[in-house]
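Reading the structure
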Amino acid sequence: MPTFTREEIMHLGNLARIALTEGEIDRMRGELNVIADSINMVQEVATEDVQPTANPVPLEAYLRPDVAAKPLTQEQALSGAPVKEHGMFVAPQILGEE
Amino acid sequence: MSEPIVKLTAAQMGDMVRNKEVSSRELVDAHLDVIEAAEPSVQAFLKVAAKEAREQADAYDALRDEEKAELPALAGVPIAIKDMIVTKGIETTAASRILEGWVPPYDATVIERLKAAHMPLLGKTNLDEFAQGSSTEHSAYHNTNNPWDLERVPGGSGGGSAAAVAAFEAPLALGTDTGGSIRQPGALTGTVGVKPTYGGVSRYGAIAMASSLDQIGPVSRTVLDSALLQEIIGGNDRRDSTSIPEPPRPMVAAAREGMKRDLKGLKVGLIKQLQGEGFQPGVQARFDEAVKLLEAMGAEVVEVSCPHLEYALGAYYIIMPSEVSSNLARYDGMRYGLRVMPPVDVPQTAANMMSYTREAGFGDEVKRRIILGTYALSAGYYDAWYGSAQKVRTLIIEDFNNAFKQADVLVSPTSPTTAFKFGEKTEDPMAMYLNDVATIPANLAGVPAMSIPAGLSDDGLPVGFQFIAPQQRDEVMYKPAAALEAALEEAWNGPIWQSLKTPWLDGMNK
């Protein structure tokens, strides 16, 4: 049975790109372990012969008419950008220091 | 007129507009007046779009009669929108700090359809952040108070839409329902809330929470009003790849048929696992009485068993956070929304910017679910958790298929309890999650379900009655729902809202 340790939650926070605070990690640890206990029971009935469901209303794939539609303008696409320059999004540096 | 116009049903308002007894502008102004009077105590709205609503009403009123004749029955009737649905030019936040100030450059498909029907948008209603919660207490902005008791929650996540409709601030609203976010607030506020069949209403422009579960649906005070609204917003949309390529079902006709209160030949299945233990006695009592009324109208009532429902909550709390963690990855501080740079002693990289942005922009419940979902999808645990939950989903669908061999429509109480007090469950996530034990199964199985008021419990607070129908047969639940509503209103000698005290309407001049 999985249990959440401090290290694991820090690792998950890193994977999820959330700079969790120490207090959050402690609080979350207790809560997640309670939640995990209650959801582990799904394994009782999930036997090999049961097929998984991804979409509850499966549809046959179908083609739509190939009609050109107008996308957002560059100005609209940039309208919510936190930082923009010359019609482009500005991102912070991607790589850290050597 | 003795009653104020805002207490009419949406269908009645639509009739009056069509017969020119009132203009759309007058309807909009009447509701804006109520909003102004009610908001200090109810706080259902995050944003009131008074100017836009008046412009839309004026545009309708200026149409020629031939043009008006082409429009749906609700043309000219205003509506409130859960702030989980994007509206071009009107700030849309999902009640999160991470989207504070975001003005979408496009409309959701449902919004386009409302605009085509000339239904003015009154504004955006409050919710739990990114629709994650069952009390609207997880909104990053403020609480919404239940109009039946201002010290209690209106349910969630769509507490704002439900409270606005209950308080007569709007005759109609849109919600989104991932695990009960339309139906449970409906139950707690004495209103009607519908989750259509998955794929029955386009999700394009609904901010994604858990894509295999999310569905947009109507919030109203009567069953017929929801049917009228669902026929307007429903039907195929090529911009949503899970949209069913069929027109809306004949729900208005089914609701009108139901109002005749003849249910002979209808088999109603009582879900054994969704009653009794865990349900408040006052909730169970109103439910049992309503079942007797269905029987009195000629319905045959049988008990059905869905043995895998006890695993539904567990499966939901794997699948939903997994999809949340994936969907909310888009809030990265790059293209829209909040950007927070790291403190000076931390390298100013894009990755660190994302981490500090998401730390500052998301609330506790959202973070909890992202972490849980990241875990469920991570290598080594995928099969044990996500894979198992998807199998439970299959078992629940099979349970429903078997139940629908024995009954045309299934019923249960919507929520185990009536409205609870603020703070009562915020410290205990599991207690909060249990609110949705009766509503989650319909999302997992993709079947349509709705909640209608079943009366007041012994604490004087509303109780919800849930109908569940087979996939793509939404009309099947509208008929008995309209019949039960009519029978209950006869027993009460009027609609449930006659028992609601509305001090904010006192002294208004209509």
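Note that this is a predicted model, so its numbers are computed, not measured.

Conventions and cut-offs
- Residues numbered from 1 in each chain as written.
- Chains lettered and ligands numbered in written order.
- Predicted model: local features only at pLDDT ≥ 70, side-chain atom pairs only at ≥ 80, totals over all residues.
- Buried ≥ 20, exposed ≤ 12 C-beta atoms within 10 Å, placed from the backbone.
- Helix = DSSP H or I, 4+ residues; strand = E, 2+ residues; numbered from the N terminus.
- Arc of directions from axis to C-beta.
- Contact = placed C-beta atoms within 7 Å.
- UniProt positions renumbered as here; feature names shortened; annotations may be inferred.
- Pairing = 2+ DSSP bridges.
- Axes fitted to C-alpha atoms, helices over the stretch in contact; angles between N-to-C directions.

The next thing to look at is helix α1 (residues 6–15) of chain A. Ile9(A), Leu12(A) and Gly13(A) are the residues of α1(A) that are buried. On an axial view of α1(A), the arc spanned by its buried residues comes to 100°, and they lie on one face. On its buried face, α1(A) sits against α2 (22–39) of chain A together with α13 (364–376) of chain B. Just beyond α1(A), the residue with positive phi is Arg17(A), at close to 55°.

What follows deals with the UniProt feature "active site" (unreviewed entry) in chain B. Residues and elements named next belong to chain B. Using the residue numbers shown here, the UniProt feature "active site" (unreviewed entry) corresponds to Lys82, Ser157 and Ser181. In summary, the annotated positions, though distributed over 100 residues, converge in three dimensions, the widest C-alpha pair being only 10.7 Å. You can see Ser157 is positioned in the loop between β3 (121–125) and α6 (159–166). Dropping the residues within four chain positions of it, Ser157 is found in contact with Leu127, Asp128, Ala131, Gln132, Gly133, Thr136 and Ser181. Looking at the secondary structure, you find Ser181 in the loop between β4 (172–176) and α7 (183–189). Ser181 has contacts with Ala131, Gly156, Ser157, Gly158, Gly175 and Thr176, leaving out every residue within four places of it along the chain.

Turning our attention to the pairing of strand β10 (residues 449–456) of chain B. Residues and elements named next belong to chain B. Counting buried positions along β10 gives seven out of eight residues, so the element sits mostly inside the fold. Pairing geometry for strand β5 (residues 192–195) and β10, over three bridges, is antiparallel. Opposite Gly193, over in β10, you have Ser451 as the bridge partner. Of the strand pairs in this sheet, β10 and strand β11 (residues 462–468) are connected by six bridges, and their pairing is antiparallel. Bridge pairing in β11 links Ala449 to Ile468. Taken together, β10 and the strand that follows it, β11, pair antiparallel across an intervening segment of five residues, in which Gly460 is found at a positive phi of about 80°.

For the rest of this paragraph, the subject is the sheet that holds β11(B). Residue and element names in this part refer to chain B. Overall, mixed pairing links the eleven strands, which are arranged β1-β3-β2-β4-β6-β5-β10-β11-β9-β7-β8 in an open sheet. Taken across any chain shown, the strands that pair with only one partner, and hence form the sheet edges, are β1 (45–48) and β8 (300–304). Shown here is a sheet whose adjacent strand axes are inclined to one another by a mean of 25°, direction ignored. Taken together, the two bridges between β5 and strand β6 (residues 216–220) define a ladder with antiparallel strand orientation. Looking at β6, one finds that Val192 is bridged to Ser220. Sheet strands touched by helix α14 (residues 383–406): β7 (267–271), β8 and β9 (409–413). Its angle to β8, the strand with the most contacts, is close to 150°.

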